[in-house]
Amino acid sequence: MEKLFDMTLLILSGAEVTLEIFFVTLILSLPLGGLAALGRISSFAPIRYLMEFYVWIMRGTPLMLQLLFVYFALPVVGVKLPDVAAALLAFTLNYAAYFAEIFRAGIQAIPRGQYEAARALGLKHWQMMRHVIFPQVLRVVLPPISNETINLVKDTSLIYILAMNDLLRVARTIVQREFDMTPFVIAGAFYLAMTAVLTWVFKKLEKRYGSYET
């Protein structure tokens, strides 16, 4: 029992890195994705094409390749980032692209009549977006954002390839040392616990904002 407790403490120390990557990526990628979504539907062609290219690159290549590029290729051109910063850059750019498509689809799903009605009421553009459009967009995008957020929890395990002592790497180190598969079970339980909490939170959010649907 003491051995199991010690294993759990060691693995939880690696969970700190996993949680840091998860929360910082989420905090940065959501607003960046929102801005990219506005760029994707912009009437200014250069911005629209630039955002389309960015989303195409990020969604069309594996996240692992993007991690390796940031970590190994950027130093070749003189850009050397700390391990955590390199991981966060790759994760944020990747997930912002996915969130951009989610937000874009949500904005375009709002009927044009909603915009016309808001203008007829004399609302300014920012008032229309804040009070009329964004609340409806939020209801539409919550389910896909929930899915991507849960994917992010699991994708944090990819930082293992950067030799960072995250949850999975610590668990694997213990397994190799102790010849015991228990650390993998503990790590799996941690990921399941995180996804369970996120699922619960998003269900509450969907229930709250879905109540405004008519």
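Residues numbered from 1 in each chain as written. Predicted model: local features only at pLDDT ≥ 70, side-chain atom pairs only at ≥ 80, totals over all residues. Heavy atoms only, no water.

### What to know about the overall build of the protein chain
Scanning the protein chain from terminus to terminus reveals eight helices and zero strands. Beginning at the N terminus, the succession of helices and strands in the protein chain can be written as α-α-α-α-α-α-α-α. Along the first, second and third principal axes, the C-alpha set of the protein chain runs to 70 × 45 × 20 Å. Burial statistics for the protein chain: of 214 residues in total, 39% are counted as buried. For the protein chain, contacts bridging at least 24 residues in sequence account for 75% of all contacts bridging at least 6. If you sum the accessible surface of the protein chain, you get close to 12300 Å²; carbon and sulfur atoms cover 67% of it. For the protein chain, the distance from the average position of its 19 positive side-chain charges to the average position of its 15 negative side-chain charges is 11 Å. (Helix = DSSP H or I, 4+ residues; strand = E, 2+ residues; numbered from the N terminus. Buried < 20%, exposed > 50% of the residue type's maximum accessible area, 1.4 Å probe, protein only. Contact = heavy atoms within 4.5 Å. Areas by Shrake-Rupley, 256 points an atom, 1.4 Å probe, with all protein chains shown as cover. Lys, Arg positive; Asp, Glu negative; His and termini not counted. Charge placed at Lys NZ, Arg CZ, Asp CG, Glu CD.)

### Concerning the side chain of Arg40
Mapping Arg40 onto the fold places it in helix 1 (residues 2–40). The contact partners of Arg40, leaving out residues within four places of it in the chain, are Arg48, Met51, Glu52, Val55, Glu101 and Arg104.

### Quick look at the environment of Val175
Tracing the chain through its elements places Val175 in helix 7 (residues 167–178). Measuring from C-alpha to C-alpha, the distance between Val175 and Val84 comes to 24 Å, with 91 residues separating the pair along the chain. Ignoring anything within four residues of it in the chain, the contact list for Val175 reads Asp180, Met181, Pro183 and Phe184.

### Some thoughts on unusual backbone geometry
In this structure, Phe179 is a non-glycine residue whose phi angle is positive, near 55°. Relative to the helices and strands, Phe179 is located in the loop between helix 7 and helix 8 (182–210).

### Examining the side chain of Asp166
Counting through the fold element by element, Asp166 comes out in the loop between helix 6 (125–155) and helix 7. The charged side chain of Asp166 is buried without a salt bridge, its nearest counter-charge being Arg169 at 6.2 Å. With sequence-adjacent residues up to four places away left out, Asp166 is seen in contact with Gly14, Val17, Thr18, Thr156, Ser157, Ile159, Tyr160 and Tyr191. (Salt bridge = Lys/Arg side-chain N within 4 Å of Asp/Glu carboxyl O.)

### So, the environment of Ala187
Assignment of secondary structure puts Ala187 in helix 8. In sequence terms Ala187 and Leu168 are 19 residues apart; their C-alpha atoms lie 6.6 Å from each other. Beyond its immediate sequence surroundings of up to four residues, Ala187 is in contact with Leu167 and Ala171.

### Thoughts on the environment of Ile150
Following the sequence through the fold, Ile150 ends up in helix 6. Contacts of Ile150, omitting those with residues within four sequence positions, involve Thr195, Leu198 and Thr199.

Read these as spatial facts, not as claims about activity.
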